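# Observations on the model geometry
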Amino acid sequence: MSFSLYINRLKCHIRNKENMFWSYLFPIVLASCFFFAFNNLWTIDSFETIKIAYVSEMVETDPLKQALNEAKVSEGVSMFSITYSDKTKASTLLEEGEIEAYIVGGENPELFVKENGMNETIMKSFLDNYRSVSSTIGTILAYNPNAINEGLMQDLMQTDTFVEEQADMKKPDAMLVYFYALLAFNCIFAANWGLVEVINIQADQSTRGARVSVSPIHKMKLFLCNIAAAFTVHTGSILLLLFYMNNILKINFGDQFVLIIITCLIGSIAGIALGATVGILVRKKASVKDAILSAVIMAGGFLSGMMYADMKYIIATKLPILGFINPVNLVADTLYSLYYYDTNERFYLNMAILGLLTVLMGAVSYAGLRRKTYASI
Amino acid sequence: MIVKVEGLVKRYDKLVALDYLDLEVKEGEIFGLLGPNGSGKTTAINCILSLLKYDKGTIEVFDKPMGPDEYKLKKDIGLIMQNVAVFDELTVYENISYFCSLYIKDKKEVKRLTEEAIEFVSLDDYKKFYPKKLSGGLLRRLNIACGIVHKPKLIILDEPTVAVDPQSRNKILEGIKKLNEDGATIIYTSHYMEEVEQICSKIAIIDKGKVIAQGTKDELKSMISVGEKITIEAYQVNDLQLNTIKNLPNIYSVEYRENQLEIKTGRGNNNLVTILEYMAEQKISFGRVITELPTLNDVFLEITGKELRD
């Protein structure tokens, strides 16, 4: 009997073209859009020499000038294209956008930039490193004056790493946040299934609910059969999205794929529980419930960094509790931590919190569904 | 007793939807619950089915107190609502089979009952159709099939013919009679008095949450003073003549509009003869003459002072 109910509900879901589009096709379209929009932004191949000006009154040996000249991205590609000028002209060039920064040399070199960006960050890193190296050199030379002839400078000024570090770090940082958030968002999107099933089973919400309520079948039994069918369909959509991102878009999910799938499945259960809870707690008609749930999911997606990657960090630093009660963020953060951290502590912590939230939401839904008579229909 | 409702009160804040409602439905009856929209028919049904909480009163079904957990009682009840309650994504066959499987565990039995239900509502040619492809009438028949597929002893139909074409309506009414002949007790709510008159063996007229009259259709009609309604196509009848007709023996009311003389008389013989004799005497020319027995609308009108269709 239960299996027959499950199969029939499964048929309903699979034949619902609208649901199938939003569950299966839309996430893939969105992932493709993300991929094409962000893919080329942080590749090292696209790095272009940074135009800068250098202002210095030192006539003879100027180690900073030398370091700037020798800095290379790769063989034959200089990191900087340098214009030598006075400070006034350098400032004018910066204002006019001819250069991206200028450096005033001397004992304490200063960096002047007009905007914030990757090239400006590279400049700052370069200069910070130069200061650090200069200080180190000064200390070493105080003890070993011959060190300068033994390749000390070459060893300390490995400039190409600035570009590699910036490029390598930026790519996973920004891009993966979007893809992880998309995956997490898709897991929590299961909330829509939870809501639909709650509406379908309540006599005051739908005529089908009324028909079911007068039948001799236990409501919870039917609800669980329906939820199992919804979960099956949703799991299919998650696996398809994972396959697409991993195998077609070649998004790097690291080597913990099984844990990623487990995260997605638990996230989907949490999503279904969220939908059911909204369906139970909001005592309005179905369209209002649907609108409220959509708003909750979208807000969860936004706060987890789906629309604006830095939002994840803003929440983590300013209001961490919000991160812990946002299922989208928990799933996204778990995926992120599986990629970045060698240990699984964060995975277990996030999954425990998500599990707890799911149990709480499940309990609320159960309490609501147990109600068998209604004040009005 | 199949259904016994005593002193049922249901309030929505200040609005009293059911006002100490009493009903008794005996085995084998087609019990009509007749009343205008908003009179409390659907509320009464929802209370009987334990879908709605009520403030006072008792409800017994199959001589046992009805409650939301009375699964044994629910097994023998079928519900057909005004709004179609089927799954758009399942075919006609799958829908009927699905709702049957809520009641019956055995697969073979589900299959047999599903096929019987399809045959009963004459949807054999539409088994593989999805509900969206069905006309309004066919959709209602599917709705009925989903409600009766498990062969319930008590079938509750809540305005099943609203917005249904005459052909499908007749089919539905015939089907209800057949179900009754096969042993099911029927509770049929409607605001269409013709339907109720046509099929119900017992009728309760309900208004403002109260049963205002109850009995067979003949018993109900005998409760009112009007025995006959005579309509005569008559020309140039003056006020004096109208007054005289009104004062003839056994005449309750006379109305004259657009050459139609409408006269309500009490029970008795020769009412028409007396009127026609007077008209001949007064040389009033007349054409068609129609006589009708009182309808349930007349019953409702006399008791409440308003038309059933208001």
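Residue numbers run consecutively from 1 along every chain, following the written order of its sequence. All chains are assigned letters beginning at A, and all ligands numbers beginning at 1, according to the order in which they are written. Residue-level local features of this predicted model are given only where pLDDT is at least 70; pairs of side-chain atoms are given and counted only at 80 or more, and the full residue set underlies all totals for whole chains, interfaces and linings. The basis for the side-chain values is all heavy atoms of the structure; hydrogens and waters are excluded.

As annotated in an unreviewed UniProt entry, chain B is ABC transporter ATP-binding protein from Mobilitalea sibirica.

Under an unreviewed UniProt entry, the name given to chain A is ABC transporter permease, and the source organism is Mobilitalea sibirica.

### Examining the UniProt feature "transmembrane region" (unreviewed entry) in chain A
All names here are of chain A. In this structure's numbering, the residues bearing the UniProt feature "transmembrane region" (unreviewed entry) are residues 21-38, 177-201, 222-245, 257-282, 291-309 and 347-369. Regarding residues 222-245, the helix share stands at 100% and the strand share at 0%, and the terminal C-alpha atoms are separated by 35 Å. Labels follow the DSSP assignment, with helices taken as runs of H or I lasting at least four residues and strands as runs of E lasting at least two, numbered in each case from the N terminus. Measuring from the first to the last C-alpha atom of residues 347-369 gives 32 Å, for a span that is 100% helix and 0% strand. UniProt positions are given in the numbering used here, feature names are shortened, and annotations may be inferred rather than shown by experiment.

### Looking at the layout of surface pockets
Lining residues are defined by having an atom within 4 Å of a point belonging to a cavity or pocket. Those points lie on a 1 Å grid over the protein atoms alone, cavities being sets where a 1.4 Å probe fits but cannot get out and pockets being open sets with protein on both sides within 12 Å along at least five of seven lines. Grid points are joined across faces, edges and corners, and a volume is the space filled by probe spheres set on the points. By volume, the largest pocket is sized at about 1,100 Å³. Lining the largest pocket are 33 residues; nearest its centre among them are A:Asn16, A:Glu18, A:Asn19, A:Val196 and B:Glu89. Of all the secondary structure elements, the ones that give two or more residues to the lining of the largest pocket are α1 (2-15), α2 (17-38), α8 (191-201) and α12 (286-303) of chain A. Of the volumes computed, that of the second largest pocket is approximately 410 Å³. Every element with two or more residues in the lining of the second largest pocket is listed here: α9 (207-213) of chain A together with α1 (41-48) of chain B. A per-element tally of the lining of the second largest pocket places α1(B) first, with five residues. By residue class, the composition of the lining of the second largest pocket is nine nonpolar, 10 polar and two charged. Throughout this entry, Asp, Glu, Lys and Arg are counted as charged residues, while Ala, Val, Leu, Ile, Met, Phe, Trp, Tyr, Cys and Pro are counted as nonpolar. The remaining residues, Gly among them, count as polar.

### Some thoughts on the UniProt feature "domain: ABC transporter" (unreviewed entry) in chain B
UniProt feature "domain: ABC transporter" (unreviewed entry): in the numbering of this structure it lies at residues 3-233 of chain B. Its end C-alpha atoms 47 Å apart, residues 3-233 of chain B is made of 34% helix and 30% strand.

### Some remarks on the packing of aromatic side chains
Here a Phe, Tyr or Trp ring, Trp counted by its six-membered ring, pairs with any other such ring whose centre lies within 6.5 Å, and the pair is stacked when the planes are under 30 degrees apart, edge-to-face when over 60, and tilted otherwise. Summed over the entire model, instances satisfying the criterion amount to 16 aromatic pairs over all chains. Measuring from ring centre to ring centre gives 4.8 Å for A:Tyr102 and A:Phe112, while their planes differ by 15°; the resulting arrangement is stacked. Taken together, the residues span a long stretch of sequence, with A:Tyr102 in strand β5 (residues 101-104) and A:Phe112 in strand β6 (residues 110-113) at a distance of 10 residues. Owing to a relative accessible area of 5%, A:Tyr102 belongs among the buried residues under this scheme. For A:Phe112, a relative accessible area of 25% gives the class partly exposed. When the centroid spacing of 5.3 Å and the interplanar angle of 85° are considered together, the rings of B:Tyr98 and B:Phe99 count as edge-to-face. Type-normalised accessible area, obtained with a 1.4 Å probe on protein chains alone, sets the label of each residue: buried when under 20%, exposed when over 50%, and partly exposed for intermediate values. Note on B:Tyr98: relative accessible area 2%, which makes it buried.

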